[in-house]
Amino acid sequence: MDEATGTNDSTVHRGFGVDIGGSGIKGALVDLSSGELLNDRIKYDTPQPSTPEAVAKVVAKIVEEAGWEGPVGITYPGVVREGKIFTAANVDRSWIGTDAGELFKKALGGREVAVLNDADAAAVAEDRFGAAKGCRGTVLLLTFGTGIGSGLLFDGTLVPNTELGHLKIGKEEAEELASSHAKDRDGLSYPEWAQRVSTVLETLEAVLWPDVFVVGGGISRKADKWVPLLTCRTPVVPAVLRNTAGIVGAAHAVTAGAQPQPGYNGPVIAES
C-alpha cells in the first residue's frame, strides 16, 4: 500500500477530497495529474443541526465507504486559519472557534488532514486543472450561489480567506446585490442580473486589477446567457470543474507537500 496515495498503484498521483456544504457533503478520489474524479462522488445530506461532531461523522463515513486510507483534504464554507474556524454562515454556529484540523484528524483515525475554505479550494482546482490553467498573474475566482465565494491567487499561490462577497457596494454587500440567490429573490432576467454582476466585477477590478475572472457556481452552467453581457474590462471565463472543484482543490491541498511560510495562516498549497 502506498501511504501517500492510499492505493496499491504508486505510479498514479491520487488524493481524496471532501467538500462540505450547507446542504450536502461530497467526497471522491481524485487523479491529481489531471484533476479528474476517479469514482462517482459519494454524497450525503449535511446533518441538521450541522454541528462539528455530526459533520465529522459524515466525513468519516464517506472516507470509509470509499476505502481510502491516505490523507484527506476537506473544504469548509467559511474562514479557516491554521485549521481553526472563524465564521459559520451556512452551518451551525458552534463551528466558530472549532479546531477543525484536530476534529477531522480524530474522526479519521489520526491520519493527515488539510482544511481550507471551499472557494479557495475551487480556485486552486481551476488554476491547476480548469479555466485558469496556464494563467499567470492575478486570478480571481467567484462562485455565485446562495452568496458569492471568492478565491484569489497570484502566480498560482493562494491568498486565503478573501471573502470578497462581503465587500460593501453602496449600502449592500456584493452577495446581497448579485448572488444567484439575489437573482431569484428579485426575479431578475439574465440581462438585469448581468448588470449587477458587472457592478461587482468592476468594483473588484478597480481595486485588484486581476488578469482574469473565473466565474463558478451552478449558474455558470448557463454562462452563455450572462457572461457575454458583462461590461468589465477583465476577461471573464466560466469555471470548468464546477461542482467537483472543491473536492479536487481539497485533494490537491493535502497532497501538495509544500511547507507553509512564516506567518502563513492558510492551508498548505503548492505552486503549480
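Residues numbered from 1 in each chain as written. Predicted model: local features only at pLDDT ≥ 70, side-chain atom pairs only at ≥ 80, totals over all residues. Heavy atoms only, no water.

1. Comments concerning helix α2 (residues 100-107)
For the record, the criterion: Relative accessibility decides the category of a residue: with a 1.4 Å probe and only protein chains considered, values under 20% of the type maximum give buried, values over 50% give exposed, and everything between is partly exposed. The numbering of helices and of strands both runs from the N terminus, where a helix is a DSSP run of H or I of at least 4 residues and a strand a run of E of at least 2. The arc in question is the one spanned by the directions pointing from the helix axis to the C-beta atoms. Note on contacts: a residue pair is in contact if any heavy atoms of the two residues lie within 4.5 Å. Nitrogen and oxygen atoms within 3.5 Å of one another constitute a polar contact, given that in protein one can donate a hydrogen and the other can accept it, and given that sequence-neighbouring residues count only through two side-chain atoms.
All buried positions along α2 are accounted for by A100, G101, L103 and F104. Seen from one end, α2 has its buried residues packed into an arc of 165°, which puts them on one side. Check the buried side of α2 and you find it contacts β1 (14-20), α1 (52-66), β5 (72-76), β7 (84-85) and β8 (113-117). The opening residue of α2 is D99, an N-cap whose side-chain oxygen sits 3.3 Å from the backbone nitrogen of G101. Immediately beyond the C-terminal end of α2, within one or two residues, lies G109, with a positive phi of roughly 75°.

2. Focus on the sheet that holds strand β9 (residues 138-144)
In plain terms, the rule: Note on pairing: DSSP must find at least two bridges between two strands before they are called paired. Simply put, an axis is a line fit to the C-alpha atoms, just over the touching stretch for a helix, and the angle between two N-to-C directions goes from 0 to 180 degrees.
One open sheet holds the 5 strands; their spatial order is β11-β10-β9-β14-β15, and the pairing between them is mixed. The strands lining the two open edges of the sheet, one partner per strand, are β11 (157-159) and β15 (236-238). Within the sheet, the average angular offset between the axes of one strand and its neighbour, ignoring direction, is 30°. Of the strand pairs in this sheet, β9 and strand β14 (residues 212-216) are connected by 5 bridges, and their pairing is parallel.

3. Side note on the environment of L140
Note that L140 resides in strand β9. Setting aside anything within four residues of it in sequence, one finds L140 in contact with S150, G151, L152, L164, L204, L208, P210, V212, F213 and V214.

4. Quick word on the packing of aromatic side chains
What counts, and what does not: For Phe, Tyr and Trp, rings pair up if their centres lie within 6.5 Å, where Trp contributes its six-membered ring, and each pair is then called stacked (planes under 30 degrees apart), edge-to-face (over 60) or tilted (otherwise). Only Lys NZ and Arg CZ are tested; either one counts as a charge over a ring when it is within 6 Å of the ring centre and within 35 degrees of the ring normal.
In total, this model carries 6 aromatic pairs according to the counting rule given. Summarising the aromatic geometry, the rings of F16 and W68 are spaced 6.0 Å apart at their centres and angled 25° between planes, so their arrangement reads as stacked. Linking F16 in strand β1 with W68 in the loop between α1 and β5, this pair joins segments that are 52 residues apart in sequence. Among the aromatic residues, ring-to-ring pairing joins Y76, W95 and F104 into one connected group. Here the guanidinium or amino end of K183 rests over the ring plane of Y190, the centre of that ring lying 4.3 Å away. One cation-aromatic arrangement involves R233 over W209; the distance from NZ or CZ to the ring centre is 3.9 Å.

5. Some words on the nonpolar core
To be explicit about the condition: Think of a nonpolar core as a cluster: buried Ala, Val, Leu, Ile, Met, Phe, Trp, Tyr and Cys residues, connected wherever their side-chain atoms sit within 4.5 Å.
Within the largest apolar cluster, 28 residues are counted, with the highest numbers of intra-cluster contacts made by V18, W95 and F104. Contributing elements (two or more residues each) for this core: β1, β2 (24-31), α1, β5, α2 and β8. Considering each element in turn, this core owes the most residues, 7 residues, to α1. For W95, the contacting residues outside a window of four places in its chain are S50, T51, P52, V55, Y76, I85, A88, A100, L103 and F104. Formed by 27 residues, the second largest nonpolar core is a distinct cluster that contains L142, L164, Y190 and V197.

6. Looking at the packing of α1 against α2
Operational definition: Any angle that falls under 35 degrees is termed roughly parallel, while one over 145 is termed roughly antiparallel, one within 65 to 115 roughly perpendicular, and all others oblique. Should the near helix be turned anticlockwise from the far one by less than a right angle, the crossing is termed left-handed; should it be turned clockwise, right-handed. Under the scheme applied here, ten amino acids are nonpolar (Ala, Val, Leu, Ile, Met, Phe, Trp, Tyr, Cys and Pro), four are charged (Asp, Glu, Lys and Arg), and all others, including Gly, are polar.
For the pair α1 and α2, interaxial distance at closest approach is 9 Å and the crossing angle is 45°. By the angle between their axes, α1 is oblique relative to α2. With respect to the hand of their crossing, α1 and α2 are arranged in right-handed fashion. Within the contact between the two elements, α1 uses P52, A56, V59 and A60 and α2 uses L103, F104 and A107. Broken down by class, the residue content of the contact of α1 with α2 amounts to 7 nonpolar, no polar and no charged.

7. A look at the packing of helix α3 (residues 118-129) against helix α7 (residues 245-255)
Where α3 contacts α7, the axes come no closer than 7 Å and their chain directions differ by 85°. Here α7 runs roughly perpendicular to α3, going by the angle between their axes. On α7, the residues that touch A121, A122, V124, A125, E126, R128 and F129 of α3 are A245, G246, V248, G249, A250 and H252. Of the residues that constitute the contact of α3 with α7, the class distribution is 8 nonpolar, 3 polar and 2 charged.

8. Points about a positive patch on the surface
Rules: In this analysis, a patch consists of residues with relative accessible area above 30% that form no salt bridge, clustered at 9 Å for like charges and at 5 Å for the nonpolar side chains Val, Leu, Ile, Met, Phe, Trp and Tyr. To be clear on the numbers: accessible area is Shrake-Rupley with a 1.4 Å probe, and residue cover counts the displayed protein chains and nothing else. Between Lys or Arg on one side and Asp or Glu on the other, a salt bridge is scored when a side-chain nitrogen of the former is within 4 Å of a carboxyl oxygen of the latter. Asp and Glu are treated as the negative residues and Lys and Arg as the positive ones, with His and the ends of the chain left uncounted. Where a charge lies is defined by one atom per residue type, namely NZ (Lys), CZ (Arg), CG (Asp) and CD (Glu).
Together, R41, K43, R221 and R242 make up a region of like positive charge exposed at the surface. Looking at the secondary structure, you find R41 in the loop between β3 (36-37) and β4 (42-45).

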